[in-house]
Amino acid sequence: MKYIRQQNIMDCGPSCIAMVTSHYGKTLSLDYLRSESQLTREGISLLSIEHTCSKIGFKTACGQFTVDYLIQNFKLPVILHWNSNHFVVLKEIIKKKGENIFVVYDPSYGKIKLKQKNFELAWISEDNSGFGMFLEPTEDFYSIENHLEKKLKLTKLLGYIKPHKKQFFILIILMLLGNAISLTFPFLTKSLIDNGVGNKDLGYITYVLIAQLTLYISMTIFDVFRNRYLLFIGSKIGITVVIEFLSKLFTLPISFFESRMHGDLHQRISDNDRIQQFLTNQSITTAFSIVTLVVYLCILPYFGFSILLAYLSLTSLALIWSYYWLQKQKKIDYLIFQIGSKNYASLAEILTGMSEMKLNSLEEYKQNNWKKVQEEFVRIRLRKMKLGQIQSFGYEFLNQVKNILVVFFAANLVTTGDLTLGSLLSVSYIVGQMNAPISDIIEFSRSLQEAKLSYSRLSEIQDYDSEDNDSQIDIAEAKRIEKGIQFDNVSFKYDGIESPVVLKNLNFTIPHGKTTAIVGTSGSGKTTLIKLLLKYYKVSEGEIRINDVGINNLTAKSVRANCGVVMQDGFIFSETLFRNVVMGSTENKERFNQSIEIANLTDFVNDLPLGENTKLGISGVGISGGQKQRLLIARAVYKNADFFYLDEATSSLDSENERIIYDNLNKYFENKTVVIVAHRLSTVKNADQIIVLEKGEIVEIGSHQSLVSQRGAYYSLVENQLELGV
């Protein structure tokens, strides 16, 4: 069975499935298994794993059983629920000195062997038993196609370098010149000792030393320009890689971000730095180090084959030693990535939730949690440092032994008269110069290992389907027929096997140019309905049509561009107030002033130190919840879109501000299709149509007066808010 390491915090389930499939001769990539598993931000459950395994052709048996039952009925491999928050694969149980040894493949750690006592501590949850799943492949499993992981391709890497081929060519010339100069030094040294010192010719010695100084200065100049070109190419490639990554992120559906931890995405941006380093410093330097090494290896036989053999044998041992310990460090790199993601998420939560922490005396608890993450981080880094020290010590020891042996063989040849003293010093110089290329090759191996890991994580993003495609049309083409918005048998549930149905069999029409209000108790699906209209998610069943065109046939970008939206969790950017209102639209001062006036923000803007040019957000002036909502309303109004969606848009406003803004909006809403979600029924009374949702289903539709007269669900909501007389 092939060990497969998880690539992020929630990947343990798909990684376990991938390991089991490899045991039965199939290769299924983590990307493929993630999509089949309907992975969410909360991770995956045993039920979801069972569902996924059934889809790919396994016969499964989930349950809670004891260790004795596991030993007696064991048919490897088995997926186990581990430490109540993780999944592992139990590969085999070995009998050793009369004791059971459990071989566990942990996707976050590696292959581990546990005695029965330690195994029970991690697996048993209650009643001396634990949860797990037995799997048996069926014929359907063997009929599915393999889905291979993306490999780091040379053509992909060369694609980053191609735009800078002129600078890259100059860089190669500079490196070749530098290497050519360095190759002359051993021969100059030999000539200096044998012809200058040996013949006691001070003039010859002076000429050789001046030549060495001149060549050294030339090589230094070449190195200065080489480093400048390396920095230029590396910076440009780094920008290209990050822009490519961000460009892809902007094309992904919003559901993608809601199923990922922010720290995990942040860590992936850091992966770009690894790839940049690999493409510039490591790859180019190593290529020329190999050339230098080969040339020096061709020179060594000139001084004696025994010297070459001694060098090659001990260098090979040093490389084998380094490679072995680098493989040991590989799993530590995965752990550092995962802890780094957890560390970022923990710190970001502390910084953004500081006021709530202080209000609820949560500082000590959060500090202790962060401290635990740091301690875990330090512990893993210490493990990596320990492995690095072992690798470094062994390599340096073998390196020194190699140097001593080579000098010994060369000195022996001098004593027998087969080599001159100048040749001995040349050999010593060559061996010293070859140490750096060997170190570069080892460092390249480590960098390649990290680059492969980074590339596989970035590929997960690059291979994700964009939310828009060429088969979809712009919403502008759907404006010709003004039929409003139709919901036909629409049902929706979030990703995840155990997720409940949020909206059930919705059938209604939002008339064109009219105002429709959506009301209901908390959790009835009002906000989810707005998100479906904005193409945050795809409906699970049924269809939404805008002006008689299926919403799935419209590009998400054009749908959102034609909607003025105020959501509950709207965001204020670290930009000027003017930019926060205008956003990506064309700048129009008259329209800006109109938007500010409708949102009743004129006095607020005039009171700011720099007016509309005052910077807001994290790095600017702080604003209250009510001011934020009014700013979001101004932003939505400025778009002057055909559709207008308000989700609890005035919940933080006082009644006077709310009345003024809605009076202004009612004039603005003429000939616009408006959907209002609100708990305050005073804001929806004048809507042309009111839809009452309860547990995701429509229970009533009508006007305010007609629904009140029915004395049903809407009447109860109104009665609870004492709004009957208004």
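Residues numbered from 1 in each chain as written. Predicted model: local features only at pLDDT ≥ 70, side-chain atom pairs only at ≥ 80, totals over all residues. Heavy atoms only, no water.

### A look at the pattern of salt bridges
Applying the stated criterion across every chain, the model contains 14 salt bridges. Salt-bridge contacts for Glu 612 lead to Lys 589; the nearest nitrogen and oxygen are separated by 3.4 Å. With Glu 612 in the loop between helix H20 (602-607) and helix H21 (625-638) and Lys 589 in helix H19 (residues 589-598), this residue pair connects regions lying 23 residues apart in the sequence. Salt-bridge contacts for Arg 659 lead to Glu 656; the nearest nitrogen and oxygen are separated by 2.7 Å. Here Arg 659 pairs with Glu 656, and both are found in helix H22 (residues 655-668), just three residues apart, close to one helical turn. (Salt bridge = Lys/Arg side-chain N within 4 Å of Asp/Glu carboxyl O. Helix = DSSP H or I, 4+ residues; strand = E, 2+ residues; numbered from the N terminus.)

### Things to note about the UniProt feature "transmembrane region" (unreviewed entry) in the chain
UniProt annotation of "transmembrane region" (unreviewed entry) refers to residues 168-188, 204-225, 237-257, 277-300 and 307-326 when read in the numbering used here. Helix makes up 100% of residues 204-225 and strand makes up 0%, while its end C-alpha atoms are separated by 32 Å. Spanning residues 237-257, this segment combines 90% helix with 0% strand, and its end C-alpha atoms are found 26 Å apart. (UniProt positions renumbered as here; feature names shortened; annotations may be inferred.)

### Examining helix H3 (residues 46-55)
Inspection of H3 places Leu 46, Ser 48, Ile 49, Thr 52 and Cys 53 among the buried residues, and these make up the whole buried set. Projection of H3 onto a plane perpendicular to its axis shows the buried side chains occupying an angular sector of 155°, all on one side. Two residues or fewer after H3 comes Gly 57, characterised by a positive phi angle close to 105°. (Buried < 20%, exposed > 50% of the residue type's maximum accessible area, 1.4 Å probe, protein only. Arc of directions from axis to C-beta.)

### A few points about H22
Residue pairs three or four apart in sequence face the same way in an α-helix, which turns once every 3.6 residues. In a regular helix each residue adds 1.5 Å, so 14 residues correspond to 20 Å; H22 covers 20 Å between its end C-alpha atoms and thus fits that length. For H22, the complete set of buried residues consists of Asn 657, Glu 658, Ile 661, Tyr 662, Leu 665 and Tyr 668. Along the long axis of H22, the arc covered by the buried residues comes to 120°, so they all point the same way. The exposed residues of H22 that point more than 90 degrees off its buried face are Ser 655 and Lys 667. Its side-chain oxygen 3.1 Å from the backbone nitrogen of Glu 656, Asp 654 forms the N-cap of H22. (Expected span 1.5 Å × (residues − 1). Polar contact = N/O pair within 3.5 Å; in protein donor to acceptor, adjacent residues only side chain to side chain.)

### Things to note about the domain arrangement of the chain
Taken domain by domain, the chain comprises domain 1 (11-143), domain 2 (154-463) and domain 3 (483-724). Look at where the C-alpha atoms of domain 1 and domain 3 centre, and you get two points 46 Å apart. (Domains from an automatic or database assignment.)

### Here's the deal with the state of the cysteines
Joining two cysteines, a disulfide is a covalent bond between their sulfur atoms. Under the criterion given, the structure shown has zero disulfides. Of the cysteine sulfurs around Cys 16, a residue in no disulfide, the closest is that of Cys 12, at 6.2 Å. We note that Cys 62 lacks a disulfide partner, and the nearest cysteine sulfur, in Cys 53, lies 8.2 Å from it. By relative accessible area, which is 33% here, Cys 62 ends up partly exposed. (Disulfide = S-S within 2.5 Å.)

### Describing the sheet that holds strand E7 (residues 485-493)
Sheets are built from strands paired through backbone hydrogen bonds, the pairs being either parallel or antiparallel. Overall, antiparallel pairing links the four strands, which are arranged E8-E7-E10-E11 in an open sheet. Because the sheet does not close on itself, it has two edges, and the strands there are strand E8 (501-510) and strand E11 (549-550). Across five bridges, E7 lies against strand E10 (residues 541-546) in antiparallel orientation. Note that in E10 the partner of Phe 487 across the bridge is Ile 544. Packing against the sheet, helix H16 (residues 526-533) makes contact with E7, E8 and E10, and its axis sits at approximately 65° to E8. (Pairing = 2+ DSSP bridges. Contact = heavy atoms within 4.5 Å. Axes fitted to C-alpha atoms, helices over the stretch in contact; angles between N-to-C directions.)

### Focus on the packing of aromatic side chains
Applying the stated criterion to the full structure yields 26 aromatic pairs. In this structure, Arg 381 packs its charged tip against the face of Phe 377, placed 5.6 Å from the ring centre. The ring of Tyr 668 carries Lys 672 above its face, with NZ or CZ at 5.0 Å from the centroid. (Phe/Tyr/Trp six-rings, centres within 6.5 Å; stacked < 30°, edge-to-face > 60°. Lys NZ or Arg CZ within 6 Å of the ring centre and 35° of its normal.)

### Considerations on a positive patch on the surface
Together, Lys 96, Lys 97, Lys 111, Lys 113 and Lys 115 make up a region of like positive charge exposed at the surface. Looking at which element gives the most residues to the positive patch, the answer is strand E5 (residues 110-115), with three residues. On the basis of relative accessible area, Lys 96 is assigned to the exposed category, the value being 53%. (Patch = residues over 30% accessible without salt bridge, like charges linked within 9 Å, V, L, I, M, F, W, Y side chains within 5 Å. Areas by Shrake-Rupley, 256 points an atom, 1.4 Å probe, with all protein chains shown as cover. Lys, Arg positive; Asp, Glu negative; His and termini not counted. Charge placed at Lys NZ, Arg CZ, Asp CG, Glu CD.)

### Observations concerning the sheet that holds strand E1 (residues 58-65)
In space, the six strands of this open sheet follow the order E1-E6-E2-E3-E4-E5, with antiparallel pairing throughout. Edge positions in the sheet fall to E1 and E5, since each has one partner strand and no second. The mean angle between the axes of side-by-side strands here comes to 30°, regardless of whether they run parallel or antiparallel. In this sheet, E5 lies alongside strand E4 (residues 99-106) in antiparallel orientation, the contact comprising six bridges. Each residue of the ladder has a partner; that of Val 103, found in E5, is Lys 113. Strands E1, strand E2 (78-82), strand E3 (86-96), E4 and strand E6 (130-137) of the sheet are contacted by helix H1 (residues 12-23), whose axis makes an angle of about 45° with E3.

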